[in-house]
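As a plain string of letters, each chain reads:
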Amino acid sequence: MTKYLLAHDIGTSGDKAALFREDGTLIKSIIREYPTYYSAHGCVEQNPEEWWQAVCESTREILGYVDKNEIAAVSFGGQMMGSLCVDKNGTPLRNSIIWADTRSGKEAQYIADHYGRDEFYYTTGHRLSSSHSITKLMWIRDHEPEVYKNTYKSLNSRDYIVLKLTGVFATDYSDASGTLAYNIRKKCWADDVIESAGLDINKFPEIHSGLEVIGYVTEKAAAECGLKAGMPVVLGGGDGCMARIGSGCERPGEYNINLGTSAVNGAVCAEPANDPKQRIVTWCHVDPRYVSVCGTMQACGASISWMKNNLCQEEKALAQKTGESVYTYLNENAAKSPVGSNGLLFLPYLHGERSPHWNPDAKGAFIGLTMKHTANDMKHAVLEGVCMNMGLIHNIIKENVPDLPDQVIVSGGAANSPIVSQAMADIYNISMATTDLSEEAGSLGAAIVAGYGIGLYPDIGMARQFMKITKVTHPIPENVEKYKEILPVFQEAYESLIGIYPKLNW
Amino acid sequence: MSKYLIAHDLGTSGDKATLFCEDGTLIHSVTKAYPIYYGEKGAVEQNPEEWWQVVCETTQELLTKVDPHSVAAVSFSGQMMGCTCMDREGRLLRNSIIWADTRSVAQEKIIEERYGREKFFHTTGFRLNPSYSITKLMWVKEHEPEIYRNTYKTLCCKDYIVYRLTGVFVTDHTDASLTLAYDINKRGWAYDVMEAAGVDPEKFPAIEKSATVVGEVTREASAQCGLPMGTPVVLGSGDGGAGRVGTGVVKPGRSYSSLGTSAWVSVCTEQPVFDAKERVVNVVNADPEYVTVSGTMQACGASINWMRENLCQEEIALARETGISKYEYINANAAKSPVGANGLLFLPYLHGERAPHWNAHARGCFIGLTMKHTVNDMKRAVMEGVALNMGLIFQAIRENDIAIAGTPKVIGGCIKSPIVKQALADIYNIDLALTNLPDEATSMGAAILAGCGVGLYPHQDMCERFSRVVETVHPIPENVRKYREILPVFQEAYEALRDVFEKLA
């Protein structure tokens, strides 16, 4: 009997459920959205009950395509860095404060004062900021002491769904490493960080390997989501890790690029990075023997969809008429502008920036316009701008991680743009491969982990067999030279405006 | 019987000829184009014979509207800064090198070395730059020595037409001052500058006041253009000077802003103003008793046109459907963004910049984009960006203790935008007056000079007869405060990027 594997990717905008056959064929994928609640002072929350509802609904819909008895296991990728306080019964005590929430600036400063930023980077592998679980839990302690007192565990999104399915409180190494209460070097909760934050270490869940069967679907959960009771649940990991597994990156020396709404360069390594300028960070991989050295930029696909919404009226009108994708026209028009966009730069900092600048005040800019520039130059500049920022990150990873491969798998929606994949190859000066599963990398990763967890697969490198490389884009030496000239100017343009960004708030 | 005045506005793209009744009524206006010849290394030329042909054609058309004998005088406003070399018999020796030509960069260096930049600024009132007549004549001397040797006089555009009508070689103070071979303090040719430049002072024509009858239409000219022989020809002015007469900027403290393809702020003063940072420059008025301190930005309407072509597909499509002006849609959409464009800046340096930065390498920028910004914010930012740069120029003038008298006028196509005109009033923090004929100021100035020359008018302060104020734009205090916050950031953003602009060049 053919076996199937179910993958849930608990994202920011919704849950994506994907069903794979054991040979890696994608049968069906479904997205169920849930709301995000924004409020003043950088508060961004989600309701975990709505996560669960979405997971149940998407699972039920998937079950329209497969007999539930044929699903061998389920696993997960999920948004990280959040704090969901649950009591002993697993009942949420408040909404989950999700990764995008930045209210806990004071708390981050407290850790800086009591632990030290450099020491913190060394211990956790991450820069200290208000984006991670630890400062969010501190905020809850200080502002909602009742909630804190009743908190049995602070979980992440995936942990909560696992809890709902199995009744087990647990997290995995990759998610733990995103809480910043984790010691990346000792691979356990960072008791000294937790102590200086003044938190109770017992409120953090037990850490397990993401590759383990953590439990089995309970009768109650089965009744709600439709899965077979007793089905194995493999813990899984954070969404970034899963995309890496789904691109075939499981061992040191492997490297991948994901160009989603945000974008990340990630290299699997044996040891954490220790970049003297703290421009890149280290996560624990889902295979806890390894880590991923990563740099994430905020607005990759986001910049491109901003451009589509604001500079591509013509393409949108055409697409409506012909039924073609608006991106086809967008790329055609952008291609009318040459490499270097006729001297026009776009700084893709529409959401501030994480790597390499770590500046929440950074803003987007077009720099270098003349009368001769057209909207097509602007479109080309946006596509190049995101690639150049990725290039800056890549160069930093190269400084810290020797022996990166000379071909890399690039996944995510933006990789479909021929301009983007060529510019990536030219700027990185390595070949970029896209696969038939490039937009499903996260789900595929979770499915492979599910399969490995129950012994169906010999290792978690199965993606290399499952995905087909559909296109390899090689660097063009002439372009490589050109971008070598442009990249320092791109960097300098950002730096020139550092004093301006915070003033643009009238 | 009423008397009539003909004003030729000799622009870059063509001649706009206008017939006015002496009471100021505009009777008829006709525009005809002549070509521009672009060459290598910044060469931009025109054929003065083609200027003359077009002047004849437009004149003939105007003369179908009135009895040619009722034309009391003809006068001119003309493009400035050119170099038209003519021999003793009045023959053209080559095409005219016009204002936009920038080939004479090496010549600029020679003056810099031999005379010094700062001294040059204090003599001519202007920044040394390869856009003006003197370096062009130096170029001719070096590269076409034969032509230079045979040059009897070098004329500006309107001077050439005056010569064709009357046979007289002459220029006026406004045009003379923008040859940059002119001493603004003495109001005469700057012989020391000419000496440093190595050009022969004899090759420059005599200088007369603009409102002077310098001759009469000759028999030969009459046959070609249709004006009766003997019609008085009043010298006229460079277009900037005529614009000032046409907007009443003829007394100290009077001011106007012109927002066309390029844009400038001008304030009339008794004496030249030597801004320590050389951000603004000086030209002589048509009445050489006074000078005007002024700063010109390169891309005002040009920025807005660029924005229209590149960011306004939706409005263009809508306008095509409905027949309503695309600018109406563009303004309506830009108005969806508030004052300050939600923190988005546009630096309008699409053509490099003259005032206040004088940096040919400056570039246009949008700075401060976030996911929340829309293309409507970008549209508003472009409009505000040109107004902010005008604000920097206005501020530079005011920093030199120049008092502004009365309500400055504002003219030019861009002020049809309600956003631009309000932003300008807010940024200047001063009332601004709009007239019923914002596009006719230079023609009216030339007509006033024509009338003064033949004694129809007692003085040049006559613009009220020709046009009236139809709207006064008042600053809105809340916006004033906001722009006061924005303007220094706008300036700082340019400065921050100066090195990057060099690298993009």
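This one's a predicted model, so the numbers in the text were calculated from it and none came from an experiment. (Residues numbered from 1 in each chain as written. Chains lettered and ligands numbered in written order. Predicted model: local features only at pLDDT ≥ 70, side-chain atom pairs only at ≥ 80, totals over all residues.)

Some thoughts on the overall build of chain A
Link 1 in the chain: What chain A contains, in helices and strands, is 18 helices and 25 strands.
Link 2 in the chain: When its C-alpha atoms are laid out on the principal axes, chain A stretches across 65 × 60 × 45 Å.
Link 3 in the chain: With 506 residues in all, chain A has 57% of them scored as buried.
Link 4 in the chain: When contacts within chain A are restricted to residue pairs at least 6 apart in sequence, long-range pairs at least 24 apart make up 74% of them. (Helix = DSSP H or I, 4+ residues; strand = E, 2+ residues; numbered from the N terminus. Buried ≥ 20, exposed ≤ 12 C-beta atoms within 10 Å, placed from the backbone. Contact = placed C-beta atoms within 7 Å.)

Comments concerning the overall build of chain B
Link 1 in the chain: From N to C terminus, chain B includes 19 helices and 25 strands.
Link 2 in the chain: Taken against the 2.2 N^0.38 rule, which gives 23 Å for 505 residues, the C-alpha radius of gyration of chain B at 22 Å falls within 12% of a compact globule.
Link 3 in the chain: Overall, chain B is about 70 × 55 × 45 Å in size when its C-alpha atoms are taken along their principal axes.
Link 4 in the chain: Out of the 505 residues belonging to chain B, those deemed buried represent 55%. (Rg over C-alpha atoms; globule rule 2.2 N^0.38 Å.)

Here we look at the UniProt feature "domain: Carbohydrate kinase FGGY N-terminal" (unreviewed entry) in chain A
Link 1 in the chain: UniProt's entry tags residues 4-246 of chain A with the feature "domain: Carbohydrate kinase FGGY N-terminal" (unreviewed entry), counted in the numbering of this structure.
Link 2 in the chain: Along residues 4-246 of chain A, the helical share is 36% and the strand share 26%, with 16 Å between the first and last C-alpha atoms. (UniProt positions renumbered as here; feature names shortened; annotations may be inferred.)

Structural notes on the pairing of strand S23 (residues 407-411) of chain A
Residue and element names in this part refer to chain A.
Link 1 in the chain: Most of S23 sits inside the fold, with 4 of its 5 residues counted as buried.
Link 2 in the chain: Pairing geometry for strand S17 (residues 255-259) and S23, over 3 bridges, is parallel. Within the sheet, the bridge partner assigned to Asn256 lies in S23 and is Ile409.
Link 3 in the chain: Where S23 meets strand S24 (residues 431-435), 3 bridges bridge the pair, whose relative direction is parallel. Opposite Val408, over in S24, you have Met432 as the bridge partner.
Link 4 in the chain: With helix H15 (residues 418-428) bridging S23 and its parallel neighbour S24, the resulting β-α-β unit is right-handed. (Pairing = 2+ DSSP bridges. Right-handed = clockwise from strand over helix to strand, strands pointing away.)

A look at the domain arrangement of chain A
Link 1 in the chain: As far as domains go, chain A holds domain 1 (4-235) and domain 2 (301-390).
Link 2 in the chain: A separation of 34 Å is found between the C-alpha centroids of domain 1 of chain A and domain 2 of chain A. (Domains from an automatic or database assignment.)

A closer look at the interface of chain A and chain B
Link 1 in the chain: Contact with chain A, which involves 31 residues of that partner, is made by 34 residues of chain B.
Link 2 in the chain: Broken down by element, the residue count for the side of chain A that touches chain B peaks at 6 residues, all from strand S22 (residues 364-369) of chain A.
Link 3 in the chain: Pairing between S22 of chain A and strand S22 (residues 364-369) of chain B: 5 bridges, direction antiparallel. Of the residues in S22 of chain B, the one forming a bridge with Leu369 of chain A is Gly364 of chain B.

What to know about the environment of Ile134 of chain B
Link 1 in the chain: For Ile134 of chain B, the position within the fold is in helix H4 (residues 133-143).
Link 2 in the chain: Note: C-alpha distance between Ile134 of chain B and Tyr182 of chain B (48 residues apart in sequence) is 9.6 Å.

Topic: the packing of helix H13 (residues 326-334) of chain B against helix H14 (residues 375-398) of chain B
Residues and elements named next belong to chain B.
Link 1 in the chain: Where H13 meets H14, the axes come as close as 8 Å, and the angle between the chain directions of the two elements is 105 degrees. Compared by their axis directions, H13 and H14 come out roughly perpendicular. Seen from H13, the contacting residues are Ile330, Asn333 and Ala334; seen from H14, they are Asn376, Lys379, Arg380 and Met383.
Link 2 in the chain: When the residues that make up the contact of H13 with H14 are grouped by side-chain class, the tally is 3 nonpolar, 2 polar and 2 charged. (Axes fitted to C-alpha atoms, helices over the stretch in contact; angles between N-to-C directions. Parallel < 35°, antiparallel > 145°, perpendicular 65-115°, else oblique. Nonpolar A, V, L, I, M, F, W, Y, C, P; charged D, E, K, R; others polar.)

Focus on the UniProt feature "domain: Carbohydrate kinase FGGY N-terminal" (unreviewed entry) in chain B
Link 1 in the chain: In this structure's numbering, the residues bearing the UniProt feature "domain: Carbohydrate kinase FGGY N-terminal" (unreviewed entry) are residues 4-246 of chain B.
Link 2 in the chain: Structurally, residues 4-246 of chain B comprises 36% helix and 26% strand, and the distance from its first C-alpha atom to its last is 17 Å.

Quick notes on the sheet that holds strand S18 (residues 263-269) of chain A
Residue and element names in this part refer to chain A.
Link 1 in the chain: On the basis of which strands lie adjacent, the open sheet formed by 7 strands has the order S19-S20-S18-S17-S23-S24-S25 and mixed pairing. The strands lining the two open edges of the sheet, one partner per strand, are strand S19 (281-284) and strand S25 (469-473). Here the strands of the sheet are splayed against their neighbours by 30 degrees on average, with no regard to which way each runs.

Observations concerning the sheet that holds strand S5 (residues 44-46) of chain B
Within a sheet, each strand pairs with its neighbour through backbone hydrogen bonds, oriented either parallel or antiparallel.
Residue and element names in this part refer to chain B.
Link 1 in the chain: Reading across the sheet, the 3 strands line up as S4-S5-S8 and stay open at both edges, with antiparallel pairing between neighbours. The outermost strands of the open sheet, each flanked by one partner alone, are strand S4 (37-38) and strand S8 (96-97).
Link 2 in the chain: Of the strand pairs in this sheet, S5 and S8 are connected by 2 bridges, and their pairing is antiparallel. When the bridges of S8 are listed, Glu45 appears paired with Ile97.

A look at the domain arrangement of chain B
Link 1 in the chain: Examined at the domain level, chain B breaks down into domain 1 (4-235) and domain 2 (301-393 + 479-504).
Link 2 in the chain: For domain 1 of chain B and domain 2 of chain B, the distance between their C-alpha centres works out to 35 Å.

A few points about the UniProt feature "domain: Carbohydrate kinase FGGY C-terminal" (unreviewed entry) in chain B
Link 1 in the chain: The residues that UniProt annotates with the feature "domain: Carbohydrate kinase FGGY C-terminal" (unreviewed entry) are residues 256-451 of chain B.
Link 2 in the chain: When the span residues 256-451 of chain B is considered, its composition is 39% helix and 19% strand, and the gap between its end C-alpha atoms is 22 Å.

With respect to unusual backbone geometry
Link 1 in the chain: Cis peptide bonds are those with omega within 30 degrees of zero, and the linkage from Ser355 of chain A to Pro356 of chain A qualifies with -5 degrees.
Link 2 in the chain: Mapped onto the elements of the fold, Pro356 of chain A is located in the loop between strand S21 (345-347) and S22.
Link 3 in the chain: The peptide bond linking Ala355 of chain B to Pro356 of chain B adopts the cis configuration, its omega dihedral lying at -5 degrees.
Link 4 in the chain: Take Pro356 of chain B: it is sitting in the loop between strand S21 (345-347) and S22.
Link 5 in the chain: If you check the backbone angles, Met81 of chain B has positive phi at about 70 degrees while not being a glycine.

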